[in-house]
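Residue strings, one per chain:
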Amino acid sequence: MLLENCSIPRPVVILLILISYMSFLSNATAQTELPTVTPPSPDAMSFQRISFENFNSYTGSASISVPLANVQVGPINVPVSLSYVGSHGIKVEEVASEVGLGWSLNAGGMVSRTIRGMPDEQTNYGWLDGDPLPTEMDVSQVDLFEDIATGQNDGEADLYSYSAPGISGSFLMPKSGGIFQVPMSSNEINPSARSISSPIHGNESNNWNEFQSFEVISPEGLIYTFSKKEELHSHTYGTATSVSKFKISSWHLTQISDYNSDHIVYFEYDWQNGDDTNTAYQVSYSQSPEKNITPIGVSFGVPRYSVTKVHKPVLKRIYDNHGVNSILFVRDTIPRCDRGGTYALNEVQVYKYGRRVARHQLLYSYFDRDGIVSYSDPCTTRSDFNGTEDGDMYLRLKLDEVKSFNDTDTDHQSHLFTYNTSYYLPSRYSYARDHWGFYNGEEDNPSLFPKQYLDLSGFQGVEGTHFFIGDANRGVSTDHAKAAVLTRITYPTGGNTQLIYESNEAAQHGLVGDMIDESVTIADGSSG
């Protein structure tokens, strides 16, 4: 489930030290800007995990699902289920999806991407349309590298993932053109783009290329069309400027058809808007004359918080072109307390030839920092961060039960879910995290930068140069890292499945010596 200790190859450690030392020589108190990375929304991220985290002895993550319905027409089969994707552990800043923390609605599909810098397709400056990256370092390229470093030019391709019934994978788009699939597959992927005029900074208008849709054709001849766009806008507190243009982060599945379009399944959507806030941090450091003296005037920078506004489609209905199958997704009328502007999925209703044959009701509560809060309680006490209206930062939606009713509502069966409550997760913005982002109980951490000691004596002729960098304990606490994970499923028959978790372990390769002290948890697994 979790990584407890991790060894870093010695060349990587030396490279990290070189980078730190060069930054120190440049400006001992300067803060280094972090790269701009815009991840998908929480629902899109949880959906991505469905196809890539099935249980096996290598990953240790379990494949757990609750089947709800199925649409079958000709060669097209669309199952609808709830999938538990939290067996890898729940991270401190993780936001619950519309069906609860650690759960994902497995219905339909999407192409989602992590925007690394600018959108690939942005005119003139995006990865696909921007200046080619030089193959050799040259003084004449300084301006280009500065533009990449400051976010004015794109220096890295976005990462795309796709998942739908019967297909899944990920891919990149090389500057040279085409699609590079990871891993390689027989699926054919065809993007469709158009040029638009859109304001980017204030009232300034700019031409902007936009991917409108993706088409994926399977070896069996099924055609998947992803054209319902999910847009987000991300900006960071503390930066001088921020781009106000909404960027497309996902394309939701709108139809599946066979090659001759004799059989088609359609996917219909509503819209929701919401805010999500993610934590980033920057670090500066100063020189310490002696190893065991905490340097005076050490500054670890002001934490940066990335606020993402999401304009996203939510699945409303699945139906086929023959009028046989129809599935309705009904959301609550009360906004969620833990995520502003969004609503939890309340029911899944199944119809055959226009007649309802089944109904599944989802029942919730909230994880709080010191217990469980009833779902029916109104959101009277809000704990928004910096006025972002992104929901109560201590609450997380908790799926308790799925009730499945027959066609007349006269009988029902239940799936019940039990979670680890030995510890409760802190605020989503808490610094009490291990190196991998899981809860470690260190509530007094003043930042996210791990405390470590560097000795650069003799390095490039520098004598007696010692550094203390960081002030946080990022060590692993296996017990705390299990907070809020699913531990038991009780089935309608009365039987149950129990889940027992333990941390992953990684071999070490003798990362010891004068350069890194024993207190560096990521190097040798100690708790200092």
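Look up a bit, the structure's there.
Note that the coordinates shown come from a computational prediction; the quantities given were computed from them, not determined experimentally.

Peer 1: Give me the lowdown on the overall build of the protein chain, citing residues and values where you can.
Peer 2: When its secondary structure is counted, the protein chain shows five helices and 27 strands. The buried share of the protein chain, reckoned over its 528 residues, is 50%. Here the analysis covers contacts within the protein chain between residues at least 6 apart in sequence; of these, 66% occur between residues at least 24 apart. As displayed, the protein chain has an accessible area near 24400 Å², and 51% of this comes from carbon and sulfur atoms.

Peer 1: Tell me about the side chain of S430, residues and numbers included.
Peer 2: By the secondary structure assignment, S430 is in the loop between strand 22 (412-419) and strand 23 (452-455). Using a relative accessible area of 11% as the deciding quantity, one classes S430 as buried. Excluding residues that lie within four positions of it along the chain, S430 makes contacts with V92 and E443.

Peer 1: Can you tell me about the side chain of S447, naming the residues and giving the values?
Peer 2: As for its placement among the helices and strands, S447 is situated in the loop between strand 22 and strand 23. Assessed through its relative accessible area of 9%, S447 is described here as buried. Reaching out from S447, the side chain makes a polar contact with the backbone nitrogen of F449 at a distance of 3.2 Å. When sequence neighbours within four positions are dropped, the list of residues in contact with S447 reads Y431, D471 and A472.

Peer 1: Pulling in residues and values, what's your account of the pattern of salt bridges?
Peer 2: If you walk through the whole model with that rule in mind, you get 14 salt bridges. With a closest N to O distance of 3.0 Å, R356 and D409 form a salt bridge. Taken together, the residues span a long stretch of sequence, with R356 in strand 19 (residues 355-368) and D409 in the loop between strand 21 (396-405) and strand 22 at a distance of 53 residues. Relative accessible area serves as the criterion here: at 22%, R356 is assigned to the partly exposed category.

Peer 1: Now, about the pairing of strand 13 (residues 247-257): what can you tell me, with residues and values included?
Peer 2: A large share of strand 13 lies buried, amounting to ten of its eleven residues. As paired elements, strand 6 (residues 110-116) and strand 13 share three bridges and run antiparallel to each other. Looking at the pairing, V111 lines up with W251 of strand 13.

Peer 1: If you had to explain unusual backbone geometry to someone new, which residues and values would you point to?
Peer 2: Backbone geometry follows two general trends: most residues other than glycine have a negative phi, and most peptide bonds adopt the trans configuration. In this model, V182 is joined to P183 through a cis peptide bond whose omega is -5°. Assignment of secondary structure puts P183 in the loop between strand 9 (180-182) and strand 10 (188-199). Even without being glycine, S261 reaches a positive phi, approximately 60°. The residue S261 is located in the loop between strand 13 and strand 14 (264-280) in this model.

Peer 1: Residues and numbers for the sheet that holds strand 5 (residues 103-106), please.
Peer 2: One open sheet accounts for three strands, arranged 3-4-5; its pairing is antiparallel. Only two strands of the sheet have a single neighbouring strand rather than two, namely strand 3 (64-73) and strand 5. Mean inter-strand twist for the sheet, computed between neighbouring axes without regard to direction, equals 15°. Inspection of the sheet shows strand 3 paired to strand 4 (residues 76-84) by nine bridges, in the antiparallel sense. Directly across from N70, in strand 4, lies its bridge partner P79.

Peer 1: Can you break down the nonpolar core residue by residue, with the values?
Peer 2: Within the largest apolar cluster, 72 residues are counted, with the highest numbers of intra-cluster contacts made by L82, W103, F214, F226, I318 and F329. With residues up to four places along the chain from it excluded, the contact list for F214 reads V111, Y160, F171, M173, I189, N190, P191, Y224, T225, F226 and W251.

Peer 1: Before we move on, can you summarise the pairing of strand 22 with the specific residues and values?
Peer 2: Relative to strand 22, strand 21 is paired through five bridges, and the arrangement is antiparallel. In the strand pairing of strand 22, K403 is matched with S414. Taken together, strand 21 and the strand that follows it, strand 22, pair antiparallel across an intervening segment of six residues, in which D409 is found at a positive phi of about 60°. By the bridge criterion, four bridges tie strand 22 to strand 25 (residues 486-490) in an arrangement that is antiparallel. Paired with T418 across the bridge in strand 25 is R488.

Peer 1: If you had to explain the packing of aromatic side chains to someone new, which residues and values would you point to?
Peer 2: Tallying each qualifying case throughout the model produces 14 aromatic pairs. Relative to W251, the ring of F211 lies with its centre 6.5 Å away and its plane at 65°, an arrangement referred to as edge-to-face. Here W251 lies in strand 13 and F211 lies in strand 11 (residues 205-217), a separation of 40 residues in the sequence. Accessibility expressed as a relative area gives 5% for F211, which makes it buried.

Peer 1: Break down a negative patch on the surface for me, citing the residues and quoting the values.
Peer 2: A cluster of acidic residues, D131, D143, E146 and D147, forms a negative patch at the surface. Tracing the chain through its elements places E146 in helix 3 (residues 142-149). On the basis of relative accessible area, E146 is assigned to the partly exposed category, the value being 45%.

Peer 1: How would you sum up a nonpolar patch on the surface? Please name residues and give values.
Peer 2: On the surface, a nonpolar cluster with roughly 320 Å² of combined accessible area is contributed by F180, V182 and M184. Relative to the helices and strands, M184 resides in the loop between strand 9 and strand 10.

Peer 1: Outline the environment of F180, listing residues and values.
Peer 2: With respect to the secondary-structure elements, F180 resides in strand 9. Here the alpha-carbon distance between F180 and S170, two residues ten residues apart in the chain, equals 8.7 Å. With near-sequence residues (within four places) excluded, F180 lies in contact with S170, F171, L172 and P174.

The rules behind the values
Residues numbered from 1 in each chain as written. Predicted model: local features only at pLDDT ≥ 70, side-chain atom pairs only at ≥ 80, totals over all residues. Heavy atoms only, no water. Helix = DSSP H or I, 4+ residues; strand = E, 2+ residues; numbered from the N terminus. Buried < 20%, exposed > 50% of the residue type's maximum accessible area, 1.4 Å probe, protein only. Contact = heavy atoms within 4.5 Å. Areas by Shrake-Rupley, 256 points an atom, 1.4 Å probe, with all protein chains shown as cover. Polar contact = N/O pair within 3.5 Å; in protein donor to acceptor, adjacent residues only side chain to side chain. Salt bridge = Lys/Arg side-chain N within 4 Å of Asp/Glu carboxyl O. Pairing = 2+ DSSP bridges. Axes fitted to C-alpha atoms, helices over the stretch in contact; angles between N-to-C directions. Core = buried A, V, L, I, M, F, W, Y, C linked by side-chain atoms within 4.5 Å. Phe/Tyr/Trp six-rings, centres within 6.5 Å; stacked < 30°, edge-to-face > 60°. Patch = residues over 30% accessible without salt bridge, like charges linked within 9 Å, V, L, I, M, F, W, Y side chains within 5 Å. Lys, Arg positive; Asp, Glu negative; His and termini not counted. Charge placed at Lys NZ, Arg CZ, Asp CG, Glu CD.

Structural measurements only, silent on function.
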